[in-house]
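This is what each chain is made of:
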Amino acid sequence: MPGNAEDHRDPARDQQKAGGQKLRVNVALQDDFSLNYTLSLYLIDTLALIDPNSPNYAADVMTLCESILENPDTILRRQLSKVKDEAMAAMKEEGVPYEERIERLEELEYPKLPGVCVQHLQ
């Protein structure tokens, strides 16, 4: 997919139809792509601030996506579940007793917005 979510239509045809140039969603995007959320444009703008080579890139993108949703509970619960699964496996490998593992798991939280994105909001 090219670097942006839109591509330009034929300007001559659009000017004939509507008196100006229009954008259409890039055909390479998935069928259910949507910009219906109030902060969708914030999301697109902010994604450019995330380093695609970062080992946390996928998590950062997911965190940004959930940040624009009105009810992100499903995403947050799934992210926390993944964090807990990884932590449990690591503690088990280290030989941490079961009761202590459970205590530590209770302290874990879902991933938060990257600092660069929070600064972008201000």
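Since we're looking at a predicted model, the values are computed, not measured.

Procedures and definitions
Residues numbered from 1 in each chain as written. Predicted model: local features only at pLDDT ≥ 70, side-chain atom pairs only at ≥ 80, totals over all residues. Heavy atoms only, no water. Helix = DSSP H or I, 4+ residues; strand = E, 2+ residues; numbered from the N terminus. Expected span 1.5 Å × (residues − 1). Buried < 20%, exposed > 50% of the residue type's maximum accessible area, 1.4 Å probe, protein only. Arc of directions from axis to C-beta. Contact = heavy atoms within 4.5 Å. pLDDT = per-residue confidence, 0-100. Lys, Arg positive; Asp, Glu negative; His and termini not counted. Salt bridge = Lys/Arg side-chain N within 4 Å of Asp/Glu carboxyl O. Axes fitted to C-alpha atoms, helices over the stretch in contact; angles between N-to-C directions. Parallel < 35°, antiparallel > 145°, perpendicular 65-115°, else oblique. Left-handed = near helix turned anticlockwise from the far one by under 90°. Nonpolar A, V, L, I, M, F, W, Y, C, P; charged D, E, K, R; others polar. Patch = residues over 30% accessible without salt bridge, like charges linked within 9 Å, V, L, I, M, F, W, Y side chains within 5 Å. Areas by Shrake-Rupley, 256 points an atom, 1.4 Å probe, with all protein chains shown as cover. Charge placed at Lys NZ, Arg CZ, Asp CG, Glu CD.

What follows covers helix α4 (residues 73-94). The end-to-end C-alpha distance of α4, which contains 22 residues, comes to 31 Å, matching closely the 32 Å that a straight helix rising 1.5 Å per residue would cover. Residues of α4 that are buried: L76, Q79 and M91. The buried residues of α4 occupy an angular sector of 100° when the element is viewed end-on, so they sit on one face. Residues of α4 that are exposed and point over 90 degrees away from its buried face: T74, R77, R78, K92 and E93. Of the surrounding secondary structure, the elements contacted by the buried residues of α4 are α3 (57-67) and α5 (98-107). Directly beyond the C-terminal end of α4, a positive phi value near 85° is found at G95.

We now examine the confidence of the model for the protein chain. In the predicted model, the protein chain carries a mean pLDDT of 74, and 62% of its residues have values of at least 70. By mean pLDDT, the top-scoring element of the protein chain is α5 (94), and the lowest-scoring one is strand β1 (residues 6-8) (46). In the model, residues 1-9 has pLDDT below 50 throughout and makes 21 contacts with residues more than four positions away in sequence or in other chains.

On to the side chain of R101, then. Mapping R101 onto the fold places it in helix α5. We note that R101 is buried and unpaired, the nearest opposite charge coming from E99 at a distance of 7.3 Å.

The next point concerns the packing of α4 against α5. In contact at an axis separation of 10 Å, α4 and α5 are set at 150° when each is read in the N-to-C sense. One way to sum up the angle between α4 and α5 is to call them roughly antiparallel. For the crossing formed where α4 meets α5, the hand is right-handed. On α5, the residues touching K84, A87, M88, M91, K92 and E94 of α4 are R101, I102, R104 and L105. Split by residue class, the contact of α4 with α5 holds five nonpolar, no polar and five charged.

A word on a negative patch on the surface. A contiguous patch of negative charge on the surface is contributed by E99, E103, E106 and E107. As for its position among the elements, E99 is in helix α5.

Tallying each qualifying case throughout the model produces two salt bridges. Across the pair E86 and K82 runs a salt bridge, and its minimum N-O distance is 3.6 Å. Taken together, the residues E86 and K82, both in helix α4 and four residues apart, mark about one turn of the helix. For K82, a relative accessible area of 47% puts it in the partly exposed group. For the salt bridge of E100 with R104, the shortest nitrogen-to-oxygen distance reads 2.6 Å. Here E100 and its partner R104 are both found in helix α5, four residues apart, which amounts to about one turn of the helix.

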